[in-house]
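# Reading the structure
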Amino acid sequence: MPVATRPTVTVFGQDGQASGNVAMPKVFSAPVRADLVHFVHTQLAKNARQPYAVSPMAGVETPAQSWGPGRAMARIPRVPGSGTHRAGQAAFGNMVRGGHMFAPNRTSRRWHRKVPTNMRRYAVVSALAASAVSSVVESRGHVIADVQEIPLVLGNFLESVKTTKEAKAILATVGAQADVD
């Protein structure tokens, strides 16, 4: 595709005035897939988790046995012994105090997720394309009412900025200061 037919974007100078135009990269005209970006983000966020679990012996560390039928009590295993409150109490079951939990967390669970490389790339392209749509940018909470054009492109002078004070002054000249504050 010739450069002349592609949409252009304005390049702003240090004074906040337009200093030229450049062809908009094709990535900004890609389709916006919010569902794909959300899916890839949630899947990749799972890769930062650390496995956690309860002890495999939790709730079953007593030599409890069922008393069997004929005592007018439930057949749940009961703690042996006498002379303590714990003796005769139900054990092991997930419905009793001091028993094991139902479906305990295990370290063998599939904690991490694989995301296909092309899907990751498509999500990055889609997120970049969304950053060129002002309604999407505003819906994410950014204050861009004073910004002249989205995407906001600044010249090469920005590479020579050394201090935060200078950077804030430049953002104020192009109308992006409200979003930073």
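Residues numbered from 1 in each chain as written. Predicted model: local features only at pLDDT ≥ 70, side-chain atom pairs only at ≥ 80, totals over all residues. Heavy atoms only, no water.

Time to look at the environment of Arg97. Looking at the element boundaries, Arg97 is found in the loop between α1 (34–45) and α2 (117–130). What Arg97 contacts, discounting residues up to four positions off in sequence, is Arg86, Gln89 and Ala90. (Helix = DSSP H or I, 4+ residues; strand = E, 2+ residues; numbered from the N terminus. Contact = heavy atoms within 4.5 Å.)

With respect to the helices and strands, the residue Glu61 is situated in the loop between α1 and α2. What makes Glu61 exposed here is its relative accessible area of 65%. C-alpha separation for the pair Glu61 and Ala91, spaced 30 residues apart in sequence, amounts to 9.3 Å. (Buried < 20%, exposed > 50% of the residue type's maximum accessible area, 1.4 Å probe, protein only.)

Moving on, we come to the packing of aromatic side chains. For the structure on display, the rule yields one aromatic pair. In this structure, Arg71 is placed above the aromatic ring of Trp67, and the distance from its NZ or CZ to the ring centre is 4.9 Å. Taking the ring centre of Trp67 as reference, the NZ or CZ of Arg78 above it sits at 5.5 Å. (Phe/Tyr/Trp six-rings, centres within 6.5 Å; stacked < 30°, edge-to-face > 60°. Lys NZ or Arg CZ within 6 Å of the ring centre and 35° of its normal.)

Let us now look at α2. With 14 residues, α2 ought to run about 20 Å at 1.5 Å a step, and its terminal C-alpha atoms sit 20 Å apart, in line with that. Listed as buried for α2 are Ala123, Ser126, Ala129 and Ala130. End-on view of α2: buried residues confined to an arc of 125°, all on one side of the axis. Exposed side of α2, more than 90 degrees from the buried face: Arg121 and Val124 are the residues found there. Where α2 is buried, its residues contact α1 and α3 (134–139). (Expected span 1.5 Å × (residues − 1). Arc of directions from axis to C-beta.)

Glancing now at α1. When the terminal C-alpha atoms of α1 are compared, their 16 Å separation across twelve residues agrees well with the 16 Å that a helix rising 1.5 Å per residue should span. Those residues of α1 that sit buried are Leu36, Val40 and Gln43. For α1, the arc enclosing every buried residue in end-on projection is 70°, short of the 170-degree limit, so these residues lie on one face. Turned more than 90 degrees off the buried face of α1, the exposed positions are Ala34, His38 and His41. Where α1 is buried, its residues contact α2.

Taken as a whole, the largest pocket spans an internal volume of roughly 540 Å³. Contributing to the lining of the largest pocket are 20 residues, with Ala127, Ala130, Ser131, Val136 and Arg140 lying nearest its centre. Mapped onto the lining of the largest pocket, the elements with two or more residues apiece are α1, α2 and α3. By residue number, the principal contributor to the lining of the largest pocket is α1, which donates four residues. Its residues assigned to classes, the lining of the largest pocket comprises 13 nonpolar, five polar and two charged. (1 Å grid on protein atoms, 1.4 Å probe; cavity = no way out; pocket = protein on both sides within 12 Å on 5 of 7 lines; lining within 4 Å. Points joined across faces, edges and corners; volume = space filled by probe spheres on them. Nonpolar A, V, L, I, M, F, W, Y, C, P; charged D, E, K, R; others polar.)

All right, on to unusual backbone geometry then. Between Ile150 and Pro151 the backbone carries a cis peptide bond, its omega angle lying at 0°. For Phe92, which is not glycine, the phi dihedral falls at a positive 75°. Mapping Phe92 onto the fold places it in the loop between α1 and α2. Residue classification places Phe92 among the partly exposed positions, given a relative accessible area of 21%. Backbone geometry places Ala103, a non-glycine residue, at a positive phi of 45°. Mapped onto the elements, Ala103 comes out in the loop between α1 and α2.

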